[in-house]
Amino acid sequence: VQLQASGGGLVQAGGSLRLSCAASGPTFSVYIMAWFRQAPGKEREFVAGIARNGYSTNYADSVKGRFTIIRDNAKNTVYLQMNSLKPEDTAVYYCAADHTYSIWRSAPTAQNEYDFWGQGTLVTVSS
C-alpha cells in the first residue's frame, strides 16, 4: 500500500490542524494505522494509532485529550485531528500502516512493527 500524508502547515499555539493520510489499493481495512512524528534533533515517536475496527485507539501521553485519530475505511483514509496545539508539537508527521489479521489488535507503538510509511507532512506551531 502507498500512503500520502497531507494537511500540515503553520499554526499559532492553541490552534488546530487536521492531517490526512490517503492509502492506495483496495485493502486499507486490513491495516492498523498510526501517526508518528519526528521533531528536529529528536527520534521519531509514536503519536496515535487506530485498530482495524476503528474503535480501539491509543495515544502518546503528550497528546491525550488534544489529538484524535479517526479512520474512514470507505475512503481509505486516516485522519489526525490536532487541537490545542503547542510549540512542542512542531515536527514532521508520518502515517504508517501495519498489516494484521485481527480487527481488535491495538496499534503498536514501535516503529519496526509497521510495514509501510508515508512521506511526512510538516507541522509548525508558533508561540
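Thresholds applied
The written sequence of each chain sets the order in which its residues are numbered from 1. Selection of residues for local features in this predicted model requires a pLDDT of at least 70, selection of side-chain atom pairs for listing and counting requires 80 or more, and totals for whole chains, interfaces and linings are taken over all residues. Only hydrogens and water are removed before side-chain values are computed, so all heavy atoms of the structure are retained for them. Working definition: helices are DSSP H or I runs of at least four residues, strands are E runs of at least two. Numbering for both runs from the N terminus. A 1.4 Å probe rolled over the protein chains alone gives each residue an accessible area, and that area as a share of the maximum for its type sets the label: buried under 20%, exposed over 50%, partly exposed in between. Definition of a polar contact: a pair of N or O atoms within 3.5 Å, with one able to donate and the other able to accept a hydrogen when the atoms are protein atoms, and with sequence-neighbouring residues admitted only if both atoms are side-chain atoms. We call two residues in contact whenever any of their non-hydrogen atoms come within 4.5 Å of each other. By definition, a salt bridge exists where a carboxyl oxygen of Asp or Glu is found within 4 Å of a side-chain nitrogen of Lys or Arg. Pairing of aromatic rings covers Phe, Tyr and the six-membered ring of Trp, with a centre-to-centre limit of 6.5 Å; geometry is then stacked below 30 degrees between planes, edge-to-face above 60, and tilted otherwise. For a ring to carry a charge above it, either NZ of a lysine or CZ of an arginine must fall within 6 Å of the ring centroid while also lying within 35 degrees of the normal to the ring plane. By this definition, two strands are paired if DSSP reports at least two bridges between them. Note on definitions: angles span 0 to 180 degrees between N-to-C directions of axes, and those axes are lines fitted to C-alpha atoms, for helices only across the stretch in contact.

### A few points about the side chain of D98
Argument step 1. By the element assignment, D98 lies in strand 9 (residues 91-99).
Argument step 2. Look at D98 and you get buried, because its relative accessible area is 3%.
Argument step 3. Polar side-chain contacts of D98 include one of 2.7 Å to the side chain of R105.
Argument step 4. In this structure D98 touches V30, Y31, I32, R105, P108, E113, Y114 and D115, once residues within four positions along its chain are discounted.

### Quick notes on the pattern of salt bridges
Working definition: two side chains of opposite charge can pair if their charged atoms are close together.
Argument step 1. Summed over all chains, the structure comprises six salt bridges.
Argument step 2. The partner of R37 in a salt bridge is E45, with the nearest N and O atoms 2.7 Å apart.
Argument step 3. You can call E45 partly exposed: its relative accessible area is 36%.
Argument step 4. Between D89 and R37 there is a salt bridge whose closest N-O contact spans 2.9 Å. You can see D89 sitting in the loop between strand 8 (77-82) and strand 9 and its partner R37 sitting in strand 4 (residues 31-38), a full 52 residues away along the chain. Of the two residues, D89 and R37, both sit in the buried class.
Argument step 5. Salt bridges linked by common partners bring R37, E45, R66 and D89 together as one network.

### Quick notes on the packing of aromatic side chains
Any aromatic ring pair is given by two values, namely how distant the centres are and how the planes are angled relative to each other.
Argument step 1. Under the definition given, this model contains five aromatic pairs.
Argument step 2. On the basis of an interplanar angle of 80° and a centroid distance of 5.9 Å, the ring pair of Y31 and F116 is categorised as edge-to-face. Highlighted residues: Y31 in strand 4 and F116 in strand 10 (residues 116-117), separated in sequence by 85 residues.
Argument step 3. A ring pair is formed by Y114 and W117, whose centres lie 6.1 Å apart and whose planes are at 65°; its orientation type is edge-to-face.
Argument step 4. Cation over ring: R44 sits above Y94, and NZ or CZ is 4.8 Å from the ring centre.
Argument step 5. Across the ring face of W117, the terminal group of R44 is positioned such that the distance to the ring centre comes to 4.0 Å.

### So, the sheet that holds strand 8
Argument step 1. The four strands are arranged 1-3-8-7 in an open sheet whose pairing can be described as antiparallel. Two strands close off the open sheet at either side, each with one partner strand: strand 1 (3-6) and strand 7 (67-72). In this sheet, neighbouring strand axes are inclined to one another by 15° on average, regardless of whether the strands run parallel or antiparallel.
Argument step 2. Pairing of strand 3 (residues 17-23) with strand 8, which is carried by six bridges, proceeds in the antiparallel orientation. Pairing of C21 across the sheet is with V78, part of strand 8.

Everything listed is a geometric property; what it means functionally is a separate question.
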